[in-house]
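Chain by chain, the residues run as shown.
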Amino acid sequence: MYSDVLLATDGSECARAATSHAVDLAATYDATLHALYVIETRIGYDSGVVDPATIEDDLRAEGESVLEAVGDESRARDVTLVDRIRKGVPEREIADYVEREGIDIVVVGTRGKSAFKTILLGSTSEALVRDLSVPVVLVSADGETDSDT
């Protein structure tokens, strides 16, 4: 049914629950799991206080750590993993990845790391459900799922 499953992750509690769901899907369908971490670029930093390059380096290191944890879970279930870190607006980068890689289904947490960011910029998960042409499974922190299919 699915040959390519995309996990869009930011390392949040909901994203960790989504990881388990995405790995289960990939294992069930013998699909390739794609894990994507997007370094958010819509947030401005006062360069007099915080060096933007330092912030990007920190976020990239966080992304590598998050993807390493996805890799551990994937290996434990013998699931093939393709992981990527991209930089940009999360919902745009995710949509682009879905299109370019021929993704069949997307799994994402219902809430990211920052409730303030969600209120200020709009919810990535809402944008994905609204804009993607493939099914999107939303996973809450307790592992409950909701799907737009």
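Preceding this section is the structure that the text describes.
Residues numbered from 1 in each chain as written. Predicted model: local features only at pLDDT ≥ 70, side-chain atom pairs only at ≥ 80, totals over all residues. Heavy atoms only, no water.

Draft legend 1. Seen up close, the overall build of the protein chain. A count of helical and extended segments in the protein chain gives five helices and six strands. Taken from the N to the C terminus, the helices and strands of the protein chain come in the order β-α-β-α-β-α-β-α-α-β-β. Out of the 149 residues in the protein chain, the part that is buried amounts to 41%. In the protein chain, once contacts between residues fewer than 6 apart in sequence are set aside, the share between residues at least 24 apart is 76%. Counting only carbon and sulfur atoms, one obtains 46% of the accessible surface of the protein chain, whose full area is about 8000 Å². (Helix = DSSP H or I, 4+ residues; strand = E, 2+ residues; numbered from the N terminus. Buried < 20%, exposed > 50% of the residue type's maximum accessible area, 1.4 Å probe, protein only. Contact = heavy atoms within 4.5 Å. Areas by Shrake-Rupley, 256 points an atom, 1.4 Å probe, with all protein chains shown as cover.)

Draft legend 2. Structural detail: the nonpolar core. Ranked by internal contacts, the top residues of the largest apolar core, which has 22 residues, are Val5, Leu33 and Val107. Residue assignment for this core shows that the elements contributing at least two residues are strand S1 (4–8), helix H1 (13–29), strand S2 (32–40), helix H2 (52–76), strand S4 (105–109) and strand S5 (136–139). If we skip the residues at most four places from it in the chain, Val5 touches Ala22, Leu25, Ala26, Ala31, Thr32, Leu33, His34, Ile103, Ile105 and Val107. The next biggest cluster of nonpolar side chains, apart from the first, holds 15 residues, and it includes Leu6, Leu36, Val98 and Val108. (Core = buried A, V, L, I, M, F, W, Y, C linked by side-chain atoms within 4.5 Å.)

Draft legend 3. Focus on the packing of helix H3 (residues 90–101) against helix H5 (residues 124–131). It is the contact of H3 with H5, at a shortest axis distance of 9 Å, that shows an interaxial angle of 40 degrees. With respect to H5, the axis of H3 lies oblique. Once H3 is placed against H5, the crossing between them reads as right-handed. Counted together, Pro90, Glu91 and Ile94 of H3 and Thr124, Ala127 and Leu128 of H5 form the full contact between these two elements. Partitioning the contact of H3 with H5 into residue classes produces four nonpolar, one polar and one charged. (Axes fitted to C-alpha atoms, helices over the stretch in contact; angles between N-to-C directions. Parallel < 35°, antiparallel > 145°, perpendicular 65-115°, else oblique. Left-handed = near helix turned anticlockwise from the far one by under 90°. Nonpolar A, V, L, I, M, F, W, Y, C, P; charged D, E, K, R; others polar.)

Draft legend 4. Quick look at the packing of aromatic side chains. This structure, assessed with the given rule, holds one aromatic pair. Taking the centre distance of 5.1 Å and the plane angle of 80 degrees together, the rings of Tyr2 and Tyr29 count as edge-to-face. In this pair, Tyr2 is assigned in the segment before S1 and Tyr29 in helix H1, connecting sequence segments 27 residues apart. (Phe/Tyr/Trp six-rings, centres within 6.5 Å; stacked < 30°, edge-to-face > 60°.)

Draft legend 5. Up close: H1. Look at H1: 25 Å from first C-alpha to last across 17 residues, which is about the 24 Å you get at 1.5 Å a residue. For H1, the secondary structure elements touched by its buried residues are S1, S2, H2, S4 and S5. Positive phi shows up at Asp30, right after H1, with a value of about 50 degrees. (Expected span 1.5 Å × (residues − 1).)

Draft legend 6. Summary view of unusual backbone geometry. Of note in the backbone geometry, Asp30 takes a positive phi value of approximately 50 degrees without being a glycine. With respect to the helices and strands, Asp30 occurs in the loop between H1 and S2. Look at Asp30 and you get exposed, because its relative accessible area is 71%.

Draft legend 7. Here's a closer look at the side chain of Thr9. Turning to its location among the elements, Thr9 is positioned in the loop between S1 and H1. For Thr9, a relative accessible area of 6% gives the class buried. Side-chain polar atoms of Thr9 contact the backbone nitrogen of Gly11, separated by 3.2 Å. For Thr9, the contacting residues outside a window of four places in its chain are Ala15, Leu36, Tyr37, Val38, Val66 and Leu67. (Polar contact = N/O pair within 3.5 Å; in protein donor to acceptor, adjacent residues only side chain to side chain.)

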